[in-house]
Amino acid sequence: MDRSTKNSKRSSRSSREEMLEESKDYTERTSKAKRRRKRRRLRPCALRQVEVTVGELGLGYHSDETLLFRYCSGRCNTRRRNYDITLEHMKKAGLIKSGELVRYSPCCRPITYEKDISFLDNSSKYHTVQEVSARECKCT
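Residues numbered from 1 in each chain as written. Predicted model: local features only at pLDDT ≥ 70, side-chain atom pairs only at ≥ 80, totals over all residues. Heavy atoms only, no water.

The protein goes by TGF-beta family profile domain-containing protein in an unreviewed UniProt entry, where it is assigned to Esox lucius. Word for word, the UniProt comment on the protein under Sequence similarities (unreviewed entry) is "Belongs to the TGF-beta family. GDNF subfamily." (UniProt positions renumbered as here; feature names shortened; annotations may be inferred.)

Printed below as a string of structure tokens:
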């Protein structure tokens with residue numbers, strides 16, 4: 001085999017390898033993009049939960065006791081009411097101040113709450129807090 005034949009075989013192999021690498025890169029990029037889009041998609045309105053300490057609730061109590069905090073999260077696909085349509089129109093028409101925060105679409109919110117939460121803080125003082133953890137969620 002002469003030198004030019006060897007070089008052409010090397011270059012054809014290297015171009016095949018380059019094509020395979022490019023293909024792998026493209027596959028990786030598209031699969032990563034699909035995963036990102038999937039994460040961004042909101043699930044329907046539902047009750048979710050996370051284990052936290054009382055101190056992590058942000059209510060000003062210093063306690064290391066843990067509890068299961070339930071909250072509402074997700075997208076509301078319920079149809080919009082006349083109120084929502086009117087509110088959207090009024091905001092777009094400038095009849096409602098632009099700096100005012102108004103929602104003209106249904107929102108995933110708790111409709112009932114768990115019973116009171118009672119705990120001891122780090123100073124051994126007993127506390128009871130109401131309406132902290134959601135029991136049931138609904139689009140309102």
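Scanning the protein for helices and strands turns up two helices and six strands. Its helices and strands taken in sequence order, the protein reads α-β-β-α-β-β-β-β from the N to the C terminus. Taking all 140 residues of the protein together, 19% fall into the buried category. The contacts of the protein with a sequence gap of at least 6 include a subset with a gap of at least 24, amounting to 54%. Taken as a whole, the protein presents about 11500 Å² of accessible surface, with 48% of it coming from carbon and sulfur. (Helix = DSSP H or I, 4+ residues; strand = E, 2+ residues; numbered from the N terminus. Buried < 20%, exposed > 50% of the residue type's maximum accessible area, 1.4 Å probe, protein only. Contact = heavy atoms within 4.5 Å. Areas by Shrake-Rupley, 256 points an atom, 1.4 Å probe, with all protein chains shown as cover.)

Right, let's talk about the packing of aromatic side chains for a bit. For the structure on display, the rule yields two aromatic pairs. With 5.1 Å between their ring centres and 80° between their planes, tyrosine 61 and phenylalanine 119 make a pair best called edge-to-face. Placement of the pair is tyrosine 61 in the loop between strand E1 (46–53) and strand E2 (66–73) and phenylalanine 119 in strand E4 (residues 117–120), with a sequence separation of 58 residues. Between phenylalanine 69 and tyrosine 71, the aromatic rings sit 6.1 Å apart at their centres with planes inclined by 10°, giving stacked as the arrangement. Taking the relative accessible area as the measure of exposure, phenylalanine 69 reaches 22% and is therefore partly exposed. Looking at tyrosine 71, the relative accessible area reads 31%, which means it is partly exposed. (Phe/Tyr/Trp six-rings, centres within 6.5 Å; stacked < 30°, edge-to-face > 60°.)

Next up on the list: the pattern of salt bridges. According to the stated counting rule, one finds two salt bridges in the structure shown. The shortest N-O distance in the salt bridge between arginine 70 and glutamate 114 comes to 3.8 Å. In this pair, arginine 70 sits in strand E2 while glutamate 114 sits in the loop between strand E3 (108–113) and E4, placing the two residues 44 residues apart along the sequence. Of the charged contacts, one joins glutamate 88 and lysine 92 as a salt bridge, the two residues approaching to 2.9 Å between their closest N and O atoms. Separated by four residues within a single helix, glutamate 88 and lysine 92 lie in helix H2 (residues 82–92), roughly one turn from each other. (Salt bridge = Lys/Arg side-chain N within 4 Å of Asp/Glu carboxyl O.)

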